[in-house]
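# Descriptive analysis of the structure
One letter stands for each residue in the lines below.
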Amino acid sequence: MTKDKDFKKLVRTRMTETGENYTTARTALVAANQGPGSDRGSRTESVIDPEIARFRAKTLRTFMPDGRLVAVPTKRRALVLVLLEVLAALEPDRVYDEKRLNAILSDFHPDFALLRRELIDYRLLERNAHTGEYWVNPNPPAHTGSQAQEMAGFEVFLR
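The model shown is predicted, which means the values in this text are computed figures rather than measured ones. (Residues numbered from 1 in each chain as written. Predicted model: local features only at pLDDT ≥ 70, side-chain atom pairs only at ≥ 80, totals over all residues. Heavy atoms only, no water.)

The secondary structure content of the protein chain amounts to seven helices and three strands. Per-residue burial over the protein chain gives 35% buried out of 159 residues. For the protein chain, restricting intrachain contacts to residue pairs at least 6 apart in sequence, the fraction spanning at least 24 positions comes to 49%. On the protein chain, roughly 9700 Å² of surface is accessible, and the fraction owed to carbon and sulfur atoms is 50%. (Helix = DSSP H or I, 4+ residues; strand = E, 2+ residues; numbered from the N terminus. Buried < 20%, exposed > 50% of the residue type's maximum accessible area, 1.4 Å probe, protein only. Contact = heavy atoms within 4.5 Å. Areas by Shrake-Rupley, 256 points an atom, 1.4 Å probe, with all protein chains shown as cover.)

Now the structure itself:
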C-alpha cells in the first residue's frame with residue numbers, strides 16, 4: 001500500500017466512481033501517469049511499474065553490483081536491462097568509431113563484441129557498416145515478437 005495520502009484519495013475516488021477494487025483502480029491511475037511521483041494528471045512523465053522497478057533493482061544488484069558486469073545474463077529480459085544500463089553510458093547525439101565504442105563497452109565487460117552485437121540486434125545502436133561508425137538510435141522502433149516481450153515495460157528506461 002502506498003504512503004501517499006493524495007494518491008490514496010485519488011484511488012478511493014476512482015473506486016467510488018467505477019466500482020473497481022483498490023488494486024484495479026490503483027493500476028488504472030498508475031497507467032494514466034497519475035500515480036506517486038507523477039505530476040498529477042501530467043502525461044509527460046513516465047511512471048515505472050513497481051514490479052519492473054523491483055526486477056531492475058534485483059538484476060542490477062546481481063549482474064552489475066559495482067557498475068561493471070560480473071557476468072552476462074543468459075535470460076534475455078535481464079540482458080535487456082543490462083543493455084539499457086550500458087546504453088546510458090553513451091551520448092545520444094555522438095557518433096562513435098568502432099575503436100572508441102569498444103573501449104567504452106570494455107569498461108563494462110571484456111566481451112565488448114557481444115555487448116555491441118546485442119545493442120545492434122535490439123536496434124538500440126545503429127551503425128554504418130561502410131565507415132564503421134556507431135550511434136545511439138534516437139528513435140528505436142517498436143519491437144515485435146520475442147523482442148517485444150523481452151522489452152515490455154522497459155521503454156521508460158530509453159532516452
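Turning our eyes to something else, we now look at the pattern of salt bridges. Across all of its chains, the model carries four salt bridges by this definition. In this structure, the salt-bridge partner of Arg-76 is Glu-118, at a minimum N-O distance of 2.7 Å. Pair noted here: Arg-76 is in helix 4 (residues 76-87) and Glu-118 is in helix 6 (residues 112-121), with a separation of 42 residues, a long-range link. Linking Glu-91 and Arg-94 is a salt bridge whose minimum nitrogen-to-oxygen distance equals 3.8 Å. (Salt bridge = Lys/Arg side-chain N within 4 Å of Asp/Glu carboxyl O.)

Phi at Arg-123 is positive, roughly 60°, even though this residue is not glycine. Secondary-structure assignment places Arg-123 in the loop between helix 6 and strand 2 (125-128). By relative accessible area, Arg-123 is classed as partly exposed at 29%.

Attention now goes to the pairing of strand 2. In the sheet, strand 2 pairs with strand 3 (residues 133-136) via four bridges, with the strands oriented antiparallel. Considered in strand 3, the bridge of Asn-128 is made with Glu-133. Hairpin connection from strand 2 to strand 3: four residues lie between these consecutive antiparallel strands, with Gly-132 at a positive phi of about 75°. (Pairing = 2+ DSSP bridges.)

The next thing to look at is the confidence of the model for the protein chain. Across the protein chain, pLDDT averages 84, with 86% of residues at or above 70. Within the model, pLDDT remains below 50 along residues 37-45, and this stretch shows 18 contacts once partners closer than five positions in the same chain are excluded. (pLDDT = per-residue confidence, 0-100.)

Below, the discussion takes up the sheet that holds strand 3. The strand order across the open sheet formed by three strands is 1-3-2, and the pairing between neighbours is antiparallel. Both outer strands of the open sheet, strand 1 (95-97) and strand 2, are each paired with one neighbouring strand and no more. With direction set aside, neighbouring strand axes in the sheet form an average angle of 30°. (Axes fitted to C-alpha atoms, helices over the stretch in contact; angles between N-to-C directions.)

Quick look at the side chain of His-109 now. Mapped onto the secondary structure, His-109 falls in the loop between helix 5 (98-106) and helix 6. Of the polar contacts made by the side chain of His-109, one reaches the backbone nitrogen of Asp-111; its length is 3.0 Å. Residues in contact with His-109, not counting those within four places in the same chain, are Arg-68, Leu-69, Val-72 and Leu-115. (Polar contact = N/O pair within 3.5 Å; in protein donor to acceptor, adjacent residues only side chain to side chain.)

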